[in-house]
Amino acid sequence: MVEKSIKEINSRIEDGSVNVVTAEEMVDIVADLGADGAAKEVDVVTTGTFGAMCSSGVWLNFGHSEPPIKMSKIWLNEVEAYTGVAAVDAFIGATQLSETEGMNYGGAHVIEDLIRGKSIDVHATAYGTDCYPRKLLDTTLNIYDLNQAIMINPRNAYQKYNAATNGSNHKIYTYMGTLLPSCGNVTYSGAGVLSPLCNDPNYETIGIGSRIFLGGSQGYIIGEGTQHSPQNNFGTLMVRGNLKEMSSDYIRAATFEGYGTSLYVGMGIPIPIINERVALATAITDADITTNVLDYGVPSRDRPKLAEVTYEELRSGTVEINGKDIPTSSMSSFKMARKIAGELKQWIKGGDFFVSEPVELLPKNTSCKPMKQRDRNLLVKDIMSTEVITINQDATFHKAAKTIVENAYTHLPVVKKDGTIAGIVTAWDISKAVAEENYKLVKDIMTKKVITANATDPVEVAARNLDLNGLSAMPVLNSKQEVIGIVTSDDISKLIARRQ
Amino acid sequence: MMIKVNISADIVGEPIIAESIIETGTILNISQAHFDSNHGEIIAEVEMSQFPKIRDALISRGAEVAILDNPIMRDEEECVECGACISVCPVKVFSFDREWNLQIDADKCIQCGTCLKMCPHNALILEV
Ligand code: SF4
Ligand code: SF4
């Protein structure tokens, strides 16, 4: 059994004899020498990741103004920061949006602009006190004018990320990027073989006080991250770093269309090889790491799992779902992850970075609970009208016209023989058929692309879809795609009025 | 070369494309086609030498023809080579090489704009 202390490893870093490899290089070393041989040979394995980490932000201290102010609200380039602490401290979070630019500029952009040394417009308000009389402040400053700019990210570097696809019939915009309809693509995140927590899944070397690569500078793990859930391999980290030492090569603002802003954070964790168990864990490959492909077309906390895939499959460019090859996209950058693991390796080799003994290892037994909610989650089936008139797709178009006129509906769901949805026919489709003297069957003139609601969708989801598509009503389907009702924007407005 | 043919509502029901192809004997390699009651749009590849003939044939039947010669461009400063753009492009303009560098085969681009919204770093540009 090989046992090495952190002290021993650090003395090798000191005298230049340390052997450092990246987690990618370690795979072959363990294959050649075995865990035992690799543990003797290698002192440190470096990891890296570079991807969107929404749960990121920076504590800023502005120094006191004259006369002094106790800021109650503050905006940086029109992005609000949180200042419910002492007088001139504020936390700028990555996903807060600009009040004028919306999704094009957010907290993440403020953070990147600070790193780049750009000037930031500050606007703050206060209620005024005897000790802090000032009520309004406007100034312009850059990162050098601040006392501190300390990045504190409450949840970074997920051990594992779910992959995303979209089983619905319309394009959706998510924090996993644009998802094309009918499972047109799959997106994923994470560095696979280089992923920090995947290389020490039992947290034998990672914990409070571990020194890491963060945004191009030396930062620290300050504990487990929020939602840390090691029991199902969703461990997370809370990290700290000095923004003043970071580089915009490794901290980048991003905008996800239709979702908002986020921060791409570059992080690398060195794994000191203290024994052969740790050495073996760092031999993990893309093929060993599996993840679930979830259907983001279902806007629920419990998204259905459509497939289980490995990172090797994801990174090959296509994955198979239900017998179909679907193109994949990574949202995080493997090339950057590799660069980070390589840079950290050079730092350690050059004696510029020492590994540290954690004060306490990360907890292994916590889990992540869903939210306790007071209101009952109302579903479409609770408010839909079940008196829905449909028409068979093989009916004549005259019959459709008659049904529409008799019932004063403008939209008529069209069904197949078995009651499943086939399309929708509107008064407009009928007039068009008349104009074209095209007296055919309903199925020839109907609109096949029909926006529907599922009976089990939350009402909020149906409301959003009605809104987005500018509709006043949608047919409601059960799990067999049969039309069982209709939900209208009227039903929903009434419900909201009642709740308020 | 790539071209885009637009067909307006009043003539969308007529076999303009087929007639033009037969009349000129030009091969149109159609990569995208979209038709609805309001308009029709076709993206196709055509031999440069045959382009004037088919253009004239299409225009004489009321279609609009545009050359797609402003393909996608990438701002290398902004791009982090994540590869998010790869899976949304309908004609596979983007790919990774063995070292995970993003490769762009701009000649294939049909200027649909889908990748612009996908790119988290605003690194893709399409000049109109
Ligand atoms: S999505 Fe944007 S940042 Fe990512 S590789 Fe494509 S162009 Fe580069
Ligand atoms: S504009 Fe369309 S065709 Fe061109 S690269 Fe982007 S997605 Fe592909």
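Everything numeric here is computed off the predicted structure, so don't read it as measured data.

What chain B contains, in helices and strands, is three helices and eight strands. Sequence-ordered secondary structure for chain B, helices as α and strands as β, is β-α-β-β-α-β-β-β-β-α-β. Viewed in the frame of its principal axes, chain B has a C-alpha envelope of about 50 × 30 × 20 Å. Counting every position in chain B, which comprises 128 residues, the buried fraction comes to 42%.

For the rest of this paragraph, the subject is the overall build of chain A. Check the secondary structure of chain A and you find twelve helices and 34 strands. On the principal axes, the C-alpha backbone points of chain A span a range of 90 × 70 × 40 Å. The proportion of buried residues among the 500 residues of chain A is 52%. Look at the contacts in chain A between residues 6 or more apart in sequence, and 68% of them connect residues 24 or more apart. Here chain A displays about 22,700 Å² of accessible surface, and carbon together with sulfur accounts for 49% of that area.

In this section: the site of ligand 1. All residues in the neighbourhood of ligand 1 are listed as Cys79(B), Val80(B), Glu81(B), Cys82(B), Gly83(B), Ala84(B), Cys85(B), Leu102(B), Cys119(B), Pro120(B) and Leu124(B). Counted by class, the shell around ligand 1 contains nine nonpolar, one polar and one charged residues.

Quick look at the interface of chain A and chain B now. In this assembly, 30 residues from chain A lie in contact with 21 residues from chain B. For chain A, the biggest contributors to the area lost against chain B are Arg252(A), Lys335(A) and Arg338(A); these three give 25% of the whole. Where chain A meets chain B, there are two salt bridges. Salt-bridge contacts for Lys335(A) lead to Glu81(B); the nearest nitrogen and oxygen are separated by 2.7 Å. Joining chain A to chain B, the criterion identifies 14 residue pairs in polar contact (both at pLDDT 80 or more). Of all the secondary structure elements, the ones that give two or more residues to the side of chain A that touches chain B are strand E15 (177–179), strand E16 (186–188), strand E21 (251–256), strand E27 (324–330) and helix H6 (334–349) of chain A. Looking at the side of chain A that touches chain B element by element, the count peaks at five residues for E21(A). Each residue belonging to the side of chain A that touches chain B can be placed in one class, and the counts come to 13 nonpolar, ten polar and seven charged.

With that settled, consider H6(A). Residue and element names in this part refer to chain A. An ideal rise of 1.5 Å per residue puts 22 Å on 16 residues; H6 measures up with 22 Å between its terminal C-alpha atoms. Listing the buried residues of H6 in full gives Phe334, Met336, Ala337, Ile340, Ala341, Leu344, Lys345, Trp347 and Ile348. Of the residues trailing H6, Gly351 is marked for its positive phi of about 80°.

Moving on, we come to the sheet that holds strand E2 (residues 44–46) of chain A. All names here are of chain A. An order of E1-E2-E23 is seen for the three strands of this open sheet, with the pairing classed as mixed. Strands with a single pairing partner mark the edges of an open sheet, and in this sheet they are strand E1 (20–22) and strand E23 (270–272). When strand polarity is set aside, the average angle formed by the axes of neighbouring strands in this sheet is 25°. Judged from the three bridges that link them, E2 and E23 form a sheet pairing that is antiparallel. Directly across from Thr46, in E23, lies its bridge partner Pro270.

Residues and elements named next belong to chain B. Segmentation of chain B into domains returns domain 1 (2–67) and domain 2 (73–125). Here the C-alpha centre of domain 2 lies 28 Å away from the C-alpha centre of domain 1. At the interface, four residues of domain 1 touch five residues of domain 2. Taken over both partners, the interface formed by domain 1 and domain 2 buries close to 340 Å², and the fraction arising from carbon and sulfur atoms is 65%.

Moving on, we come to the packing of aromatic side chains. Overall, the coordinates contain 14 aromatic pairs over all chains when judged by the stated rule. We note Arg315(A) situated over the ring of Trp100(B); from NZ or CZ to the ring centre the distance is 4.2 Å.

This part covers the sheet that holds strand E30 (residues 411–415) of chain A. Residues and elements named next belong to chain A. Strand order in the open sheet made by the three strands is E29-E30-E31, with mixed pairing throughout. Two strands in the sheet have a free side with no partner beyond their single neighbour: strand E29 (391–392) and strand E31 (421–426). Pairing of E30 with E31, which is carried by five bridges, proceeds in the antiparallel orientation. Paired with Val415 across the strands is Ile421, a residue of E31.

Looking now at the nonpolar core. Counting 118 residues, the largest nonpolar core has Met26(A), Phe62(A), Leu76(A), Leu237(A), Leu243(A) and Phe94(B) as its most contacted members. At eight residues, H6(A) tops the list of elements feeding residues into this core. Not counting residues within four places of it along the chain, the set of residues in contact with Leu243(A) comprises Val58(A), Ile111(A), Leu114(A), Ile115(A), Ile143(A), Ala149(A) and Met151(A). Ala163(A), Ile289(A), Ala307(A) and Leu314(A) belong to the second-largest nonpolar core, a separate cluster that totals 16 residues.

Rules behind the numbers
Numbering of residues begins from 1 in every chain and follows the order in which that chain's sequence is written. Chains and ligands are labelled sequentially in the order written, the chains with letters from A and the ligands with numbers from 1. Selection of residues for local features in this predicted model requires a pLDDT of at least 70, selection of side-chain atom pairs for listing and counting requires 80 or more, and totals for whole chains, interfaces and linings are taken over all residues. Only hydrogens and water are removed before side-chain values are computed, so all heavy atoms of the structure are retained for them. In this description a helix means any DSSP run of H or I spanning at least four residues, a strand means any run of E spanning at least two, and both kinds are numbered starting from the N terminus. Throughout, exposure labels follow a simple rule: accessible area from a 1.4 Å probe, protein chains only, divided by the maximum for the residue type, with under 20% read as buried, over 50% as exposed, and the rest as partly exposed. Only heavy atoms enter the contact rule, under which two residues are in contact if any of them lie within 4.5 Å. Per-residue and other accessible areas follow the Shrake-Rupley method at a 1.4 Å probe size, with only the shown protein chains counted as cover for residues. Note on terminology: near, applied to a residue and a molecule or strand, indicates that one of the residue's heavy atoms is within 4 Å of it. Gly is put with the polar residues, along with every residue not named as nonpolar or charged; the nonpolar set is Ala, Val, Leu, Ile, Met, Phe, Trp, Tyr, Cys and Pro, and the charged set is Asp, Glu, Lys and Arg. Note on terms: buried area is the combined drop in 1.4 Å-probe accessible area of two parts once they are placed together, counting the loss on both. When a carboxyl oxygen of Asp or Glu is within 4 Å of a side-chain nitrogen of Lys or Arg, the pair counts as a salt bridge. Any N or O atom pair separated by 3.5 Å or less is treated as a polar contact, with the protein-specific requirement of one donor-capable and one acceptor-capable atom, and with residues adjacent in sequence counted only for side-chain atom pairs. Expected helix span is given by 1.5 Å per residue-to-residue step, counting one fewer step than there are residues. At least two bridges found by DSSP between two strands are what make those strands a pair. Axis geometry follows a simple rule: fit a line to the C-alpha atoms, using only the stretch in contact for helices, then measure angles between N-to-C directions, giving values from 0 to 180 degrees. Residue ranges labeled as domains rest on an automatic or database domain assignment. Centres within 6.5 Å make a pair out of two Phe, Tyr or Trp rings, where for Trp the six-membered ring is used; the pair is then stacked when the planes are under 30 degrees apart, edge-to-face when over 60, and tilted otherwise. Lysine NZ or arginine CZ positioned within 6 Å of the ring centre and within 35 degrees of the ring normal marks a charge as sitting over the ring. By nonpolar core is meant a set of buried Ala, Val, Leu, Ile, Met, Phe, Trp, Tyr and Cys residues that side-chain atoms within 4.5 Å join together.

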